[in-house]
Amino acid sequence: MNELLIIAAPDLMERRREWLESLGGERRLAINTLDAYERDTRQFLAFLTSHVGGPATLSDIHTLRTADLRAFLAARRRQGSGSRSLGRHLAGLRSFLRYLEKKGLINAAAAGAIRAPRQPKSLPKPLTAGQALNIMSSEAQLQEEPWIAARDAAVLMLLYGCGLRISEALGLRPSDVENTATALRVTGKGGKTRVVPLLAVVLDAVVTYQKLCPFHLPPDEPLFRGARGGPLQPAIIQRGMQKLRSAFGLPDTATPHALRHSFATHLLAGGGDLRTIQDLLGHASLSTTQIYTGVDTARLLEVYDRAHPRA
């Protein structure tokens, strides 16, 4: 912070302090994110000082051009920042500049006009079949209430057994899952509907939850309910998955969405064709589904490296 005493005018420093406090208080950003935004804006003010030839002021921020922000990102890249770090640098700056704009102190048009660096595509990280089966059992759910354990097991079963997104699973209604159903009609992104097979074991998990649920479940209202009877929120399932990661010693990549990745990867490994998997996942483009071929190849190479005597 001492560096800012030299490179930023007092009023700009004060606005920056207020912005960081608002992020931690009103928006409750994680400590790591706050630290990163503090560091990013400090580095930007240091850059701006050398760029304009004096301590950065609100006037300097007000007259920022897109070219100035690009110059900062280019400088950070030369110092070793990758695309992900550059994207975070830009996100922090945009947040700060928009805060100042809302206060009526600057115009943040330059921040909105610049595009974030293209992020490298990373392969999905599926679970193994054994890991997926372990975490989906109702016995594994770390809950005191049996109906909540059954609920969480049913949701996770839908993610892995049907390849649903968590929003799709939580958007289901009782009328969508009849006791004799063999398929689900799912509404996905963009309001598009698709039909996915409903395995008997998945249906059994949903029916078990319905029988144990203490709340009345009207046919056209949300199927999955929170502890007080309202619609179940994704964060509840995500927190439950976090507990399961600790219990089973799973990596941080073992998220609810990883079960959807596992569904696709295990189907592909078992001989499923890409077009069918595309339809089951509800992907608009086959190129989106093709990323799972990379996952399968990567796993094959891992086995090769471990097992082959010449690897």
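Residues numbered from 1 in each chain as written. Predicted model: local features only at pLDDT ≥ 70, side-chain atom pairs only at ≥ 80, totals over all residues. Heavy atoms only, no water.

Student: Describe helix α12 (residues 234-248), with residues and values.
Tutor: Spanning 15 residues, α12 covers 21 Å between terminal C-alpha atoms, matching the ideal 21 Å at 1.5 Å per step. Among all positions in α12, only Ile237, Gly240, Met241, Leu244 and Arg245 are buried. Buried residues of α12, viewed axially, fall in a sector of 150°; they line one side. Turning to α12, the residues buried within the fold contact α8 (129-136), α9 (146-162), α10 (166-170) and α13 (256-269). (Helix = DSSP H or I, 4+ residues; strand = E, 2+ residues; numbered from the N terminus. Expected span 1.5 Å × (residues − 1). Buried < 20%, exposed > 50% of the residue type's maximum accessible area, 1.4 Å probe, protein only. Arc of directions from axis to C-beta. Contact = heavy atoms within 4.5 Å.)

Student: Can you break down the pattern of salt bridges residue by residue, with the values?
Tutor: If you walk through the whole model with that rule in mind, you get 13 salt bridges. In this structure, Arg88 engages Asp40 in a salt bridge whose closest nitrogen and oxygen atoms are separated by 2.8 Å. Here the residue Arg88 occupies a position in helix α6 (residues 83-102), and Asp40 occupies one in helix α3 (residues 31-52), the gap between them amounting to 48 residues. The class of Arg88 is partly exposed, set by a relative accessible area of 29%. Here Glu221 makes a salt bridge to Arg225, at a shortest N to O gap of 3.5 Å. Judged by its relative accessible area of 38%, Glu221 is partly exposed. Note on Arg225: relative accessible area 8%, which makes it buried. Each of the salt bridges in this network shares a partner with another, and the network as a whole consists of Glu14, Arg17 and Glu21. (Salt bridge = Lys/Arg side-chain N within 4 Å of Asp/Glu carboxyl O.)

Student: Give a detailed account of the nonpolar core, specifying residues and quantitative values.
Tutor: The biggest cluster of nonpolar side chains holds 50 residues, and the ones touching the most others in it are Leu158, Leu164, Leu184, Leu198, Tyr209, Phe224 and Leu259. Sorting the residues of this core by element identifies α8, α9, α10, β1 (183-187), α11 (200-212), α12, α13 and α14 (274-281) as the ones contributing at least two each. Sort the elements by how many residues they give to this core and α9 lands first, with 11 residues. Ignoring sequence-local partners within four residues, the contact set of Leu158 consists of Gly163, Leu164, Ala169, Leu172, Leu184, Leu198, Val202, Val206 and Phe224. One finds Leu48, Ile61, Ala75 and Ala111 within the second-largest nonpolar core, a separate group that totals 31 residues. (Core = buried A, V, L, I, M, F, W, Y, C linked by side-chain atoms within 4.5 Å.)

Student: How would you summarise the side chain of Arg194 if you had to cite specific residues and measurements?
Tutor: With respect to the helices and strands, Arg194 occurs in strand β2 (residues 193-197). We classify Arg194 as buried; its relative accessible area is 8%. At 2.7 Å, the side chain of Arg194 forms a polar contact with the backbone oxygen of Leu280. (Polar contact = N/O pair within 3.5 Å; in protein donor to acceptor, adjacent residues only side chain to side chain.)

Student: For the packing of α9 against α13, give the residues involved together with the corresponding values.
Tutor: Taken N-terminus to C-terminus, the directions of α9 and α13 make an angle of 30°; their axes are 7 Å apart at the nearest point. Comparing their axes, α13 and α9 come out roughly parallel. The handedness of the crossing between α9 and α13 comes out as right-handed. Residues Leu156, Leu159, Tyr160, Gly161 and Cys162 of α9 touch α13, and the partners they reach there are Pro256, Leu259, Arg260, Ser262, Phe263 and His266. Residues belonging to the contact of α9 with α13 are distributed by class as follows: 7 nonpolar, 3 polar and 1 charged. (Axes fitted to C-alpha atoms, helices over the stretch in contact; angles between N-to-C directions. Parallel < 35°, antiparallel > 145°, perpendicular 65-115°, else oblique. Left-handed = near helix turned anticlockwise from the far one by under 90°. Nonpolar A, V, L, I, M, F, W, Y, C, P; charged D, E, K, R; others polar.)

Student: Would you mind going over the pairing of β1 in detail, with residue names and values included?
Tutor: Side chains Leu184 and Val186 of β1 all project onto a buried face; the interleaved residues Ala183, Arg185 and Thr187 project onto a face where none is buried. Two elements, β1 and β2, share 5 bridges in a ladder whose sense is antiparallel. Bridge pairing in β2 places Thr187 opposite Thr193. Connecting β1 to the antiparallel partner β2 that follows it, the hairpin turn spans 5 residues, and Gly190 within it adopts a positive phi of roughly 70°. (Pairing = 2+ DSSP bridges.)

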